[in-house]
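Geometric and topological summary
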Protein chains: 4
Amino acid sequence: MTSRILMHVGPSIGNYDVLSAAVQPNIGFASPEFNSAMKNSLEGFRYVTGSDSSYTPFILPGSGTVAMESVMSFIPRGSRILVVSNGVFGDRWEAIMSRYPVILKVLRAEAGKAVSTGEIEHEVSSGRYFAVAMTQVETSTGVRLDVESVAKAVRNHVDLVIVDGVASIGGETMKASHWGIDVCLTASQKALGAQAGAGLLVASPSAMEKLKGESTSGYFADLRNWSDIMNKFLAGGGGYFATPPIGTVFSIQKSMDLIRSETMEARVSRHEICSQAFRAGINHLGLEILASEKLRSNTVSGVMVDGINIADFLQRCMKKGVEFGAGVHPSVRDRYFRVGHMGWVQPAHIITALNAIESSLEEMGKKVDRGSALAAGEIFSRYPGI
Amino acid sequence: MTSRILMHVGPSIGNYDVLSAAVQPNIGFASPEFNSAMKNSLEGFRYVTGSDSSYTPFILPGSGTVAMESVMSFIPRGSRILVVSNGVFGDRWEAIMSRYPVILKVLRAEAGKAVSTGEIEHEVSSGRYFAVAMTQVETSTGVRLDVESVAKAVRNHVDLVIVDGVASIGGETMKASHWGIDVCLTASQKALGAQAGAGLLVASPSAMEKLKGESTSGYFADLRNWSDIMNKFLAGGGGYFATPPIGTVFSIQKSMDLIRSETMEARVSRHEICSQAFRAGINHLGLEILASEKLRSNTVSGVMVDGINIADFLQRCMKKGVEFGAGVHPSVRDRYFRVGHMGWVQPAHIITALNAIESSLEEMGKKVDRGSALAAGEIFSRYPGI
Amino acid sequence: MTSRILMHVGPSIGNYDVLSAAVQPNIGFASPEFNSAMKNSLEGFRYVTGSDSSYTPFILPGSGTVAMESVMSFIPRGSRILVVSNGVFGDRWEAIMSRYPVILKVLRAEAGKAVSTGEIEHEVSSGRYFAVAMTQVETSTGVRLDVESVAKAVRNHVDLVIVDGVASIGGETMKASHWGIDVCLTASQKALGAQAGAGLLVASPSAMEKLKGESTSGYFADLRNWSDIMNKFLAGGGGYFATPPIGTVFSIQKSMDLIRSETMEARVSRHEICSQAFRAGINHLGLEILASEKLRSNTVSGVMVDGINIADFLQRCMKKGVEFGAGVHPSVRDRYFRVGHMGWVQPAHIITALNAIESSLEEMGKKVDRGSALAAGEIFSRYPGI
Amino acid sequence: MTSRILMHVGPSIGNYDVLSAAVQPNIGFASPEFNSAMKNSLEGFRYVTGSDSSYTPFILPGSGTVAMESVMSFIPRGSRILVVSNGVFGDRWEAIMSRYPVILKVLRAEAGKAVSTGEIEHEVSSGRYFAVAMTQVETSTGVRLDVESVAKAVRNHVDLVIVDGVASIGGETMKASHWGIDVCLTASQKALGAQAGAGLLVASPSAMEKLKGESTSGYFADLRNWSDIMNKFLAGGGGYFATPPIGTVFSIQKSMDLIRSETMEARVSRHEICSQAFRAGINHLGLEILASEKLRSNTVSGVMVDGINIADFLQRCMKKGVEFGAGVHPSVRDRYFRVGHMGWVQPAHIITALNAIESSLEEMGKKVDRGSALAAGEIFSRYPGI
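Every chain is numbered on its own, with residues counted from 1 as its sequence reads. Throughout, the order in which chains and ligands are written sets their labels, letters from A for the former and numbers from 1 for the latter. Two thresholds apply to this predicted model, a pLDDT of at least 70 for residue-level local features and 80 or more for giving and counting side-chain atom pairs, whereas whole-chain, interface and lining totals are computed over all residues. Side-chain figures throughout are based on the complete set of non-hydrogen atoms in the structure, without hydrogens or water.

Below, the discussion takes up the pattern of salt bridges. A pairing counts as a salt bridge when a side-chain nitrogen of Lys or Arg comes within 4 Å of a carboxyl oxygen of Asp or Glu. Tallied over the full model, the rule gives 76 salt bridges over all chains. Across the pair Asp-159 of chain A and Arg-128 of chain A runs a salt bridge, and its minimum N-O distance is 2.8 Å. Here the residue Asp-159 of chain A occupies a position in the loop between α6 (147-154) and β8 (160-164), and Arg-128 of chain A occupies one in the loop between α5 (117-126) and β5 (131-135), the gap between them amounting to 31 residues. Accessible area is worked out with a 1.4 Å probe on protein chains only. A residue is then buried under 20% of its type maximum, exposed over 50%, and partly exposed in between. Residue class for Asp-159 of chain A comes out partly exposed when judged on its relative accessible area of 24%. One salt bridge connects Asp-222 of chain C with Arg-99 of chain D, and the closest N-O pair in it is separated by 3.8 Å. Linking Asp-222 of chain C in the loop between α8 (205-210) and α9 (224-234) with Arg-99 of chain D in the loop between α4 (88-97) and β4 (103-108), this pair reaches from one chain into another. Assessed through its relative accessible area of 31%, Arg-99 of chain D is described here as partly exposed. A run of H or I in DSSP becomes a helix once it reaches four residues, and a run of E becomes a strand once it reaches two; helices and strands are each numbered from the N terminus.

Following this line, the structure appears as structure tokens:
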């Protein structure tokens, strides 16, 4: 097993207890132990997303993309859908939906920016849309959309408000019930910090109502096939449609236990402080964050570094014990790298990450103002609790 | 963690080393360790399915059903497809494919029987079919189809020969290249014995050719999105489309290591002897196997038990330390239970299972001829090697 | 990893959660996590032994024999000591103590019997003894001494009452404070069910007083070297004398957590019912228990089987998935085998064990009355809770 | 589980695969799996210590101190022994041996220095000694004694040459056969990098011969009780004297596998380069190493830091994710800290350690020349292989 620290954008910083909870040699999908793990995980996901008990939670085998595609279950043939895209994963909404007979309109922002609430509101007011699909934190850039404000603006214009929270849920505030969000979803391995292998989704009563009608959905990701068994798990029983990722579910259960102990408020706050400290260190080094100042997320940072070979830089950091992610946004791909500070992130990870960045840059002949870890340490010193 | 033995139909009998290989706290999908685990797993899957290096292997996040649905990637709109169904999971081919614009014909057998090669050959000769889809071992009944003979019979009549090997691959002989099979697939948690969380599939060059055309497939399960990165992994590199089930892949890698050490020949033989011994014990108890004599698989047995409450019986076996599966075939649902003897099954599991069955039946007032474990032991005594 | 059930006399039936708690890659003996694990384990050991807070608990690297030898710390040169020996491990008191300048008298019982309280009382009344050393459950025979009655009888005659509880503590009642026992000890891997690697001991204030004087003890096992740091751990801090078995201590901590949740009363009762059920099954088979009827322990059974090769029999049981222990008492060595039913034992283990015994005997041509598992099942059916 | 890096002096930097090899729920001390693990571990220890097959290896439950005390097994009553002490753990030889009826002479060096070969040679030439006991690497100061030269000098003057290699074996060259060393020993958790819980020792034929006579040893640590069963394990069988630390032995086996793959030459070289790089970084910061220049070990460094509170400094490093050890040598206790760079140490650990030291010193107002990690990196850049 590696002795590196993983600060890629997901999975990120692993927790051994959470990951080893997945080792369950003689537990099948029909056992009381698994039924209980599903119930705890489903209820935990309601808590994490700020969904009241009228919402139906789902855990699907696969990944965040499966959860995204399962949204087609709610959408009738021929519906008009507004996609808000701030980057590569916003564009994924378009890539998925364009495989189905629906009518898409996409609003796009450039790298590091977000489509404005005003622009979105204007669009939904002018055309009749069935749904608006957006992304809370854009993994390709680290931009955070103000989901609360967008939801408020579009709520009365559309049937469904859909949020991809893959890079945010568990590390950013999400209040699905209060904010009027119908569907929000994530993957197990991001800010929830569990084993990769599942997509998670929660649906409002109004969204669930749509399942009574027809859709153009495929088979595996058609939530009609899953809703009964999710209700059975919630009621303390069990059921089968396709084999669930048993180990992953036990891992999610363990994450949910730890998240409830920490509380979501403290967890979001920990993510916020760690991300601030990281940016303070980056700023000290004279580097820029890709996302505009008011759009920076708690969970992912894109760091701009001109004049060096990024692949070489990432290799050097890896040799120093920290793995980051390469850039993926087409317009700036070779000019930045991405850092995940989510899930089980602690100040020590931020300090180690900054030291690796600082040393690697210096090795590569880049002039930097040494002491980035101290700059981060100053932020942490204001919050002795974390 | 439970002290039971899991002899459900999948996952079945766990192997701690294989399952704990999934615990990889700081390994991300872009790491060299993961790239290597994917390469080994993909190559291992070729070995297990008897596919030569012209075949392309895939590992998909999700389950066996995802692998089944991904088959739509190969099938153009409007194609005629023949489905051979020997039970619930044969019917699943119909349930999946009927979500897409293709024309289906289904041949069905009653519980415990298989559609005959003759009937299949007659059908493909009389109508023009693009593909035939079948199931090697029907999980709902334990019936094994003679896939070699069916493939031979249909090979020259159809473009694609497709085999669901979910309940068989790893425990039954499969020779995709020699038998002329284009697509065969399974799930990680069945006879491969790895952690649940992935579907695996291998495709012939002829099948891969179809990916160049259009299909009616969805997004996540469209193999066009996955084929490039699978080739990258095979070449020793890496790539990303959607987050893979990282831990599950490490678990698959460990399974493949153990399978290569054991050899597929010895593994199939071990499954065969264990299943024979199990049936000898069941026979001793005066009970019937659901599958007809020539159709009994190495991996799953349905056991008919009239006159008792099966749910109560399964509870009693569970208290004695062995978990079996309930019946699911609609026509005999309450008259049988299912036993998985696959993956890491050893004689000791068979003996323990028979003892639990015998004791539970006797407790419930069922007259049985005691000594089922001895009857099984006689079979094992002829094969001192396992 | 094996798929057998371990019913040897210690370690016995493993608990994965307890054993895997030992995996602590970056925890050293000076960390706050380890300090806390020691504190919880020490306090837990007081609970398990019925010792009030005036007793000092110790956890020593090594095994039960280290804990036994550490008792020399309390004993001045030239002291007279009475050893009560019911078998091989009673004789170990003699073997240890005879390495030191003390005067020993040993009372012995034959295999399956116990030295009587009367005999012990008579001996301590007639000679002036500093200490009496005894064994609660004799691992070589499964005989349980009535420690409460012996302690009462000798309490006013000797300075120290010393009990080896290696094969009993955690599975039998022990009330050190109430019964007037000065020193009682065990090993981590027996009825506590934790990883092997530590001896545990608890000492009364009166015993601790002896540490102020000189002793003939060696260095490592001299409790003078350990008492300060045990007190530091109890106070929430830490300390170092020799490197502790860090993983084993985390495993012990996990055991103690589970034991407190179960409660000692329920735990002893579970052991008692399991051992009764086991003996009912053995009785059904027409076999004898080595220990006399009133001396049978909750934790270990010796089973007499004449007329067969015991080594061959044990091999057959092992192939059927259950490992038992060979006999070790010199006078009956080849005529019995030993079964540990302790720690995490559940009814399913007893049933599986009996089935393996029954089948193996029958294979070897021994006439047995089949149905031993049903006889055990009858006992369990009266206690639906366990 | 902590996300820190452990660079204390032992255990040090953990390896998850090695530590998790200890989880063996149903393996007892009489199983074939354990017998095989012992054989592999014993033979591996011969390899690691450069002992030919005439040497007898031992693995004892407990710790390095148990292995040290077991040396008394070889020593007759009244023998004269020369102890060479370079610090706290050299003094431990005296503390142990003074509990037994032997005559001791101790040569001592001041902190950071070593007793010279000349001084030792002079002493053994002038008095008749049965044995000389020394320490290869003194854990309290990081001083490495030139064991080869001392052994050569004393070989013809004494019966037994005894080396405590607790802080060295696995990270420093040891050639017991070639150098004429009779007994050398270590603990499982130091440079072998396995789970804490065992002492390991290897004894020459000449040492083994002494076991035929009487000794003043205690019981548990008397090698007479262990030598037969070690030979049985070496011969492929098994045996019992006291319950071995089963999990720890499996962990040792895994370490030995990894060490053989790496080769001892490469392993020593890796330790040497890492320690050099660490010292280069420390030197860059303007700090001093406690050990004199020619006496610096591959495994442990003492770092002098005047003018700050060391406890506060160690806390700050811990918050930054690295745990070091406090000073323990009485003469400089509050003026230095200790760093373990042994076992599974990699360049990334050294870099992370230096960054934590540099940042913490700077936070505390200590003037340092930033860039210690770069100075270390320069060393590593000359050895691209590690």
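So, about the packing of helix α11 (residues 264-284) of chain B against helix α14 (residues 372-381) of chain B. Residue and element names in this part refer to chain B. Where helices are involved, their axes are fitted lines through C-alpha atoms of the stretch in contact, as for all axes, and angles between N-to-C directions lie from 0 to 180°. Packing of α11 against α14 leaves a shortest axis separation of 7 Å and a crossing angle of 145 degrees. As for how α11 packs across α14, the hand of that crossing is right-handed. Counted together, Ile-273, Cys-274, Gln-276, Ala-277, Ala-280, Gly-281 and His-284 of α11 and Ser-372, Ala-375, Ala-376, Ile-379 and Phe-380 of α14 form the full contact between these two elements. Side-chain classes are defined by residue name, with Ala, Val, Leu, Ile, Met, Phe, Trp, Tyr, Cys and Pro counting as nonpolar, Asp, Glu, Lys and Arg as charged, and the others, Gly among them, as polar. Along the lines of polarity and charge, the residues of the contact of α11 with α14 split into 8 nonpolar, 4 polar and no charged. Definitions for this section: a left-handed crossing has its near helix turned counterclockwise from the far helix by less than a right angle. A right-handed crossing has that turn clockwise. In what follows, a contact means two residues having at least one pair of non-hydrogen atoms within 4.5 Å.

The subject of this paragraph is the nonpolar core. Put simply, buried Ala, Val, Leu, Ile, Met, Phe, Trp, Tyr and Cys residues joined by side-chain atoms within 4.5 Å make one nonpolar core. Core analysis: the largest hydrophobic core is formed by 258 residues, its most contacted members being Phe-74 of chain C together with Phe-74 of chain D. The element that contributes the greatest number of residues to this core is helix α11 (residues 264-284) of chain D, accounting for 8 residues. One finds Ile-5 and Leu-60 of chain A together with Ala-187 and Ile-351 of chain B within the second-largest nonpolar core, a separate group that totals 257 residues.

How big an interface is tends to be reported as the loss of accessible area on association of its parts. Listed per partner, the contact involves 59 residues of chain D and 59 residues of chain C. Buried area: the accessible surface (1.4 Å probe) lost by two parts on joining, summed over both. Taken together, the two surfaces of chain D and chain C that pack against each other cover about 4,500 Å², and 60% of this comes from carbon and sulfur. On the surface where chain D and chain C come into contact, there are 4 salt bridges. Side-chain atoms alone can form a polar contact between residues adjacent in sequence; in general such a contact is a pair of N or O atoms within 3.5 Å, and within protein one must be able to donate a hydrogen while the other accepts it. Counting across the chain D and chain C interface gives 25 residue pairs in polar contact (both at pLDDT 80 or more). Residue contributions to the side of chain D that touches chain C peak at 4 residues, all from α4 of chain D. Here the side of chain D that touches chain C is composed, by residue class, of 30 nonpolar, 22 polar and 7 charged.

All right, on to the sheet that holds strand β10 (residues 198-203) of chain C then. Residue and element names in this part refer to chain C. Should DSSP find at least two bridges between two strands, the strands are regarded as paired. A sheet is described by the order of its strands in space; here 7 strands give the open sequence β2-β10-β9-β8-β5-β3-β4, paired in mixed fashion. The open sheet has two free edges, formed respectively by β2 (56-61) and β4 (103-108), since each of these has just one partner strand. On average, adjacent strands in this sheet sit at an angle of 15 degrees to one another, irrespective of strand direction. Pairing geometry for strand β9 (residues 183-187) and β10, over 5 bridges, is antiparallel. Counterpart to Ala-187 in the pairing with β10 is Gly-199. Contacts from helix α4 (residues 88-97) reach β3 (80-85), β4, β5 (131-135), β8 (160-164) and β9 within the one sheet, and its direction differs from that of β3 by about 155 degrees.

In the predicted model, chain A carries a mean pLDDT of 96, and 99% of its residues have values of at least 70. For this predicted complex, the interface confidence score (ipTM) comes to 0.97, while the overall pTM stands at 0.92. A residue's pLDDT is the confidence the predictor assigns to it, expressed on a 0 to 100 scale.

Take the environment of His-271 of chain D next. All names here are of chain D. Residue position: His-271 is located in helix α11. The class for His-271 is buried, based on a relative accessible area of 0%. A C-alpha to C-alpha distance of 7.3 Å links His-271 and Val-345, two positions 74 residues apart in sequence. Those residues within four positions of His-271 in sequence are excluded, and the remaining contacts are Gly-170, Gly-171, Ala-191, Asn-298, Thr-299, His-341, Met-342, Gly-343 and Val-345.

Time to look at the relation of the copies chain D and chain C. The atoms used to superpose the copies are C-alpha atoms, taken from residues with pLDDT of at least 70 in both, and the fit is least squares. Once turned by 180 degrees and shifted 0.0 Å along the axis, chain D lies on chain C with an RMSD of 0.0 Å. This pairing of chains is accounted for by a two-fold axis. Residue Gly-62 of chain D, judged by its C-alpha, is the member of chain D lying nearest the rotation axis, at 1.9 Å. Comparing interface residues between copies, 100% of those in chain D also sit at the interface in chain C, which points to an isologous, same-surface contact.

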